Amino acid sequence: MDYKSLIIPEKLPRHVAIIMDGNGRWAKQHNKPRVFGHRNGVKAVRETTEAAAELGIPYLTLYAFSTENWNRPQLEVNALLHLLVETLSKEVHTLMDNNIRLDAIGDLNALPQHTHRALLEAIEKTRDNNRMTLILALNYSGRWDIVQAARNIARAVAAGELDPDKLDEKQFQSHLATHHIPDPEFMIRTSGEQRTSNFLCYQLAYSELYFTSVLWPDFRKEHLYQALVAYQQRERRFGKISEQLA
Ligand code: IPE
Ligand code: IPE
Ligand code: MG
């Protein structure tokens, strides 16, 4: 099925967020260690990023490492962080060639120093690119994001810069890690799990959710097209009734 030809360009989401899941199970299916799955997930990252840029989607967020992922075996955590640095250095030219800007959300200061540095370097190098923004959620969790926003707001109140009675959603959002990015209209999770695992909890409030059993290392452009076709068939009512939407 050629899903790409079914996509309506005018109805594309501005922001697609993806929980890349299933690397470990993919490795297990191939009788290999979990890290083999993570390595093979890089191709899916490349394909998805390229497809999103080609379609003209302005923002793509990939959940790469959650605050809970620190609880994995130390060897796996190290391998994941190492893979990140390696991929950044290998792929930064691909980002430049494709005019893609890199960004990151999460508690980045708590990353190991050389991981943090490699990340900031790639972000700096791609800062003037403007075809698409690729956002890596790294050491990210939705609850962390809400709490750090609350902390900033409390600070502003304590400094007398903000009247608590004037705090509204717009103000609140301006303190989230995603303050400069529109909320994702569409969230995809691979591997068949049907949960959001502490991803963008505030920002996903009205997102369309899409779950596929495809394991992340097997995810290809065609899967993204298929997901987007499904997205375009949804009716986003935002509390209204169908008849009001036409
Ligand atoms: C996603 O794949 C990668 C990260 C969470 C970093 P998993 O490693 O969670 O793979 P499964 O869920 O064990 O198959
Ligand atoms: C979510 O996947 C985090 C990332 C994809 C980075 P997990 O595999 O860690 O989620 P759970 O633990 O199954 O919910
Ligand atoms: Mg998983």
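Worth saying up front: this structure is predicted, and the values here are computed from it rather than measured.

1. Quick notes on the site of ligand 2
Surrounding ligand 2, one finds I19, M20, D21, Y63, A64, F65, S66, N69, R72, R189, R195 and S197. A distance of 2.9 Å separates an oxygen atom of ligand 2 from a polar atom in the side chain of N69. One of the side-chain nitrogen or oxygen atoms of R195 is found 2.8 Å away from an oxygen atom of ligand 2. Considered on its own, ligand 2 offers 390 Å² of accessible surface; in the complex 78% of this is hidden by protein. Of all the elements, strand 2 (residues 59–66) adds the most residues to the shell around ligand 2, at 4 residues. For the shell around ligand 2, a count of residues per class yields 5 nonpolar, 3 polar and 4 charged.

2. Let's talk about the packing of helix 2 (residues 34–55) against helix 7 (residues 221–232)
The N-to-C vectors of helix 2 and helix 7 enclose an angle of 50 degrees; their axes lie 8 Å apart at closest approach. By the angle between their directions, the pair helix 2 and helix 7 is classed as oblique. Here helix 2 runs over helix 7; the crossing is right-handed. Contact residues: helix 2 offers E47, T48, E50, A51, A52, E54 and L55, while helix 7 offers K221, L224, Y225 and L228. Residue composition of the contact of helix 2 with helix 7, by class: 6 nonpolar, 1 polar and 4 charged.

3. Observations concerning the sheet that holds strand 1 (residues 15–19)
Within the open sheet, the 6 strands sit side by side as 3-4-2-1-5-6. Their pairing is parallel. This sheet does not close on itself; its edge strands, each paired only once, are strand 3 (100–105) and strand 6 (208–211). Recorded for the sheet is a direction-independent mean angle of 20 degrees between the axes of neighbouring strands. Pairing analysis gives 6 bridges linking strand 3 to strand 4 (residues 132–140), with the strands arranged parallel.

So, how was this worked out
Residues numbered from 1 in each chain as written. Chains lettered and ligands numbered in written order. Predicted model: local features only at pLDDT ≥ 70, side-chain atom pairs only at ≥ 80, totals over all residues. Heavy atoms only, no water. Near = heavy atom within 4 Å. Polar contact = N/O pair within 3.5 Å; in protein donor to acceptor, adjacent residues only side chain to side chain. Areas by Shrake-Rupley, 256 points an atom, 1.4 Å probe, with all protein chains shown as cover. Helix = DSSP H or I, 4+ residues; strand = E, 2+ residues; numbered from the N terminus. Nonpolar A, V, L, I, M, F, W, Y, C, P; charged D, E, K, R; others polar. Axes fitted to C-alpha atoms, helices over the stretch in contact; angles between N-to-C directions. Parallel < 35°, antiparallel > 145°, perpendicular 65-115°, else oblique. Left-handed = near helix turned anticlockwise from the far one by under 90°. Contact = heavy atoms within 4.5 Å. Pairing = 2+ DSSP bridges.

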